[in-house]
Amino acid sequence: MTINKHILLGVSGGIAAYKSAELVRLLRKQGAEVRVVMTQSAMQFISPLTFQSLSGNPVHSELLDADAENAMGHISLARWADLLIIAPATANLIAKLSHGLADDLLSTLYLAATCPVYVAPAMNQAMWNKAVTQENIEKIRRHSVRVIGPEQGDQACGETGFGRMSEPTGICSFLAQALEDQTPAAAPCLHGLKVLISAGPTREPLDPVRYITNRSSGKMGYALAKAALNAGAEVTLVSGPVALAAPANIEVVNVETAAQMHEAVMSRAPDHAIYIGAAAVADYSPAIMQPEKIKKQDEQTTIILQKTKDILAEVARLDKRPFTVGFAAETHNLEAYARDKLARKKLDMIAANWVGRELGGFDSEQNALHVFWENGGETLEMTDKTRLAEQLISLIAGRINTPLNKKGE
Ligand code: PMT
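Residues numbered from 1 in each chain as written. Predicted model: local features only at pLDDT ≥ 70, side-chain atom pairs only at ≥ 80, totals over all residues. Heavy atoms only, no water.

### So, the overall build of the protein chain
Next up, step 1: A tally of regular secondary structure across the protein chain gives 15 helices and 19 strands.
Next up, step 2: A compact globule built from 409 residues would reach a C-alpha radius of gyration of about 22 Å, and the protein chain, at 24 Å, matches this within 12%.
Next up, step 3: Oriented by its inertia axes, the alpha-carbon framework of the protein chain measures out at about 75 × 65 × 35 Å.
Next up, step 4: Classification of the 409 residues of the protein chain by burial places 51% in the buried group.
Next up, step 5: In the protein chain, the proportion of contacts linking residues at least 24 apart, taken out of those at least 6 apart, comes to 67%.
Next up, step 6: Summing over all exposed atoms, the protein chain offers an accessible surface of approximately 20,000 Å²; the carbon and sulfur share of this is 50%. (Helix = DSSP H or I, 4+ residues; strand = E, 2+ residues; numbered from the N terminus. Rg over C-alpha atoms; globule rule 2.2 N^0.38 Å. Buried < 20%, exposed > 50% of the residue type's maximum accessible area, 1.4 Å probe, protein only. Contact = heavy atoms within 4.5 Å. Areas by Shrake-Rupley, 256 points an atom, 1.4 Å probe, with all protein chains shown as cover.)

This is the structure we're talking about:
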């Protein structure tokens, strides 16, 4: 993929700044012209000379610089850029963006920029998890900033968790894809159809205070619900417990357990044209929910688990069944297991994703999907879940409109 665009790279002061040097190299290799803006603290981590050498352009750092104003002042830089990417974006920088502060060149550029803006956060995991940082992230997202990462893993501070800046190769392909996607929105393709989507995890109670759950954040399912709505569908979202805001113009049915999700989906499915099972439904639930808190006694204890009802398979078995799309979350043998689920559960389509890897799957902003149907399939490359959801919805719309899948005609 080529990137024949003007890319403005903002570098703020974190240890991940060294990775951005590689990002410049990769972007230029793909044909982009790159200019770099550094904050004062970024220059403590890496020399502007490194970025100057790699980008082939002078590095900008001063808001009020008479020389710069004559050549590339903040307004000209903002106008020059086809895309602004801030990598790494520290907690402080994100807080400034979310509040509209403009006390240095980079934050001022953000306000002056009319091009798409991307940020790749990098910070200590506790800072990332802090409620105020998450609120700031949500706020800039609402202002159309697209957030790449961060990823989970070992951190320079010795801790482990979410906060590592995404790798330059990942950021580069994300940007390339985003630029390619800057095409007019696709015409609605599910106009007038009712679409039922499940999202998020379930919680299976052990006692009044404990439960078994999984890492699903609901982001994939919520993105699908919004994409289906934008494609003209009437959408119902059955959601497990997640920390996401209910999307506008979508009916959200909140549930907690697999049994509740089963009830909510099965009572609605016959009335829908499409069902997409993106939820990570518990396969097993404690056979007995203890009415009182389980007391700590023996060194070891045993919990008896019982299989939950397979919602997806039951939907596909309905007499009046919707076009049924399952998900498969796999750590190995992805295609074999996904195709087995497709055939065994008699699905129309299955979207398989790798889980337990550094990028994609559970609770990340990005994902890739390997979509299979009988005698066919398509890979949707790693991109943000919003874009990926749009691609999957287009694929579903294409399949549902094939003569084989047209029902009642
Ligand atoms: O929510 P995110 O953080 O954005 O993460 C997205 C995701 C990884 C959760 C999503 O992309 C995904 O893979 N969802 C399905 C996860 C899963 O439970 O996979 P599975 O292979 O165990 O289940 C296969 C299918 O059966 C799924 O469609 C699931 O919804 C369905 N199922 C499973 C068990 C059950 N009792 N009833 C079901 O309907």
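Following the structure, the description resumes.
### Notes on the sheet that holds strand 4 (residues 117-121)
Next up, step 1: An order of 2-1-3-4-5 is seen for the 5 strands of this open sheet, with the pairing classed as parallel. The strands lining the two open edges of the sheet, one partner per strand, are strand 2 (33-38) and strand 5 (146-147).
Next up, step 2: As paired elements, strand 3 (residues 83-89) and strand 4 share 4 bridges and run parallel to each other. From the neighbouring strand, Ala89 faces strand 4, where its bridge partner is Pro121. (Pairing = 2+ DSSP bridges.)

### What to know about the domain arrangement of the protein chain
Next up, step 1: Taken domain by domain, the protein chain consists of domain 1 (6-184) and domain 2 (187-400).
Next up, step 2: Taking only C-alpha atoms, the centre of domain 1 and the centre of domain 2 are 33 Å apart.
Next up, step 3: Each partner contributes to the interface: domain 1 provides 14 residues, whereas domain 2 provides 10 residues.
Next up, step 4: Around 1,000 Å² of area is buried between domain 1 and domain 2 when both sides are counted, 43% of it from carbon and sulfur atoms.
Next up, step 5: Between Arg141 and Glu365 there is a salt bridge whose closest N-O contact spans 2.7 Å.
Next up, step 6: Counting the contacts that link domain 1 with domain 2 gives 2 residue pairs in polar contact (both at pLDDT 80 or more).
Next up, step 7: Mapped onto the side of domain 1 that touches domain 2, the elements with two or more residues apiece are strand 5, strand 6 (151-154), strand 7 (160-164) and helix 10 (168-180). (Domains from an automatic or database assignment. Buried area = accessible area lost by both parts, 1.4 Å probe. Salt bridge = Lys/Arg side-chain N within 4 Å of Asp/Glu carboxyl O. Polar contact = N/O pair within 3.5 Å; in protein donor to acceptor, adjacent residues only side chain to side chain.)

### Examining the sheet that holds strand 17 (residues 349-354)
Next up, step 1: Across the sheet, 8 strands lie side by side as 12-11-8-13-16-17-18-19; this open sheet has mixed pairing. Looking at the sheet topology across the chains shown, the edges are occupied by strand 12 (251-254) and strand 19 (376-384). When the angles between neighbouring strand axes are averaged without regard to direction, this sheet yields 15°.
Next up, step 2: Pairing analysis gives 6 bridges linking strand 8 (residues 194-199) to strand 11 (residues 234-239), with the strands arranged parallel. (Axes fitted to C-alpha atoms, helices over the stretch in contact; angles between N-to-C directions.)

### Things to note about the site of the ligand
Next up, step 1: The environment of the ligand is made up of 29 residues, and the closest members are Ser216, Ser217, Lys341, Asn353 and Asp363.
Next up, step 2: For the ligand, whose accessible area on its own is 780 Å², the fraction buried by protein is 95%.
Next up, step 3: Those elements that place two or more of their residues in the shell around the ligand are helix 11 (219-230), helix 13 (311-317) and strand 16 (323-330).
Next up, step 4: Looking at the shell around the ligand, its residues break down into 12 nonpolar, 9 polar and 8 charged. (Near = heavy atom within 4 Å. Nonpolar A, V, L, I, M, F, W, Y, C, P; charged D, E, K, R; others polar.)

### Looking at the packing of helix 6 (residues 91-99) against helix 9 (residues 131-142)
Next up, step 1: Relative to each other, helix 6 and helix 9 sit at 50°, their axes nearing to 9 Å. Between helix 6 and helix 9, the crossing angle belongs to the class labelled oblique. Considering only the axes of helix 6 and helix 9, their crossing is left-handed. Seen from helix 6, the contacting residues are Ile94, Ala95, Leu97, Ser98 and His99; seen from helix 9, they are Asn136, Ile137, Lys139 and Ile140.
Next up, step 2: Each residue belonging to the contact of helix 6 with helix 9 can be placed in one class, and the counts come to 5 nonpolar, 3 polar and 1 charged. (Parallel < 35°, antiparallel > 145°, perpendicular 65-115°, else oblique. Left-handed = near helix turned anticlockwise from the far one by under 90°.)

### Digging into helix 7 (residues 105-112)
Next up, step 1: With 6 of 8 residues buried, helix 7 is to be regarded as a mostly interior element.
Next up, step 2: Buried within helix 7 we find Leu105, Leu106, Ser107, Thr108, Leu109 and Tyr110.
Next up, step 3: The inward-facing, buried residues of helix 7 abut strand 1 (6-11), strand 2, helix 5 (74-80), strand 3, helix 6 and strand 4.

### Some details on a nonpolar patch on the surface
Next up, step 1: Side chains of Ile212, Tyr284, Ile303 and Leu305 sit close together on the surface and give an oily, nonpolar patch of about 340 Å² of accessible area.
Next up, step 2: Topologically, Ile303 is positioned in the loop between strand 14 (284-286) and strand 15 (305-307).
Next up, step 3: Given the relative accessible area of 44%, Ile303 is considered partly exposed. (Patch = residues over 30% accessible without salt bridge, like charges linked within 9 Å, V, L, I, M, F, W, Y side chains within 5 Å.)

### Concerning the pattern of salt bridges
Next up, step 1: One pass over the structure, following the stated rule, counts 18 salt bridges.
Next up, step 2: Each of Glu138, Arg141, Lys219, Asp363 and Glu365 takes part in salt bridges that share partners, so that together they form one network.

### Overview of the packing of aromatic side chains
Next up, step 1: Evaluation of the coordinates by the stated rule reveals 1 aromatic pair.
Next up, step 2: Ring centres of Tyr118 and Phe174 lie 6.1 Å apart, and the angle between their planes is 80°; on these two criteria the pair is classed as edge-to-face. Of this pair, Tyr118 sits in strand 4 while Phe174 sits in helix 10, and the two are 56 residues apart along the sequence.
Next up, step 3: For Phe174, a relative accessible area of 2% gives the class buried.
Next up, step 4: Positioned above the aromatic ring of Trp80, the side-chain terminus of Arg35 is 5.4 Å from the ring centre. (Phe/Tyr/Trp six-rings, centres within 6.5 Å; stacked < 30°, edge-to-face > 60°. Lys NZ or Arg CZ within 6 Å of the ring centre and 35° of its normal.)

### Looking at the nonpolar core
Next up, step 1: Membership of the largest hydrophobic core comes to 36 residues, with the highest contact counts inside it found for Leu224, Ile276 and Leu392.
Next up, step 2: Of all the elements in the fold, those that place two or more residues in this core are strand 8, helix 11, strand 11, strand 13 (274-277), strand 16, strand 17, strand 18 (366-373) and helix 15 (385-400).
Next up, step 3: If one sorts the elements of this core by residue count, helix 15 sits on top with 8 residues.
Next up, step 4: Excluding residues that lie within four positions of it along the chain, Ile276 makes contacts with Val195, Leu196, Ile197, Ser198, Leu224, Val325, Phe327, Ile393 and Ile396.
Next up, step 5: In this structure, Leu9, Val11, Val24 and Ile171 belong to the second largest nonpolar core, which totals 34 residues. (Core = buried A, V, L, I, M, F, W, Y, C linked by side-chain atoms within 4.5 Å.)

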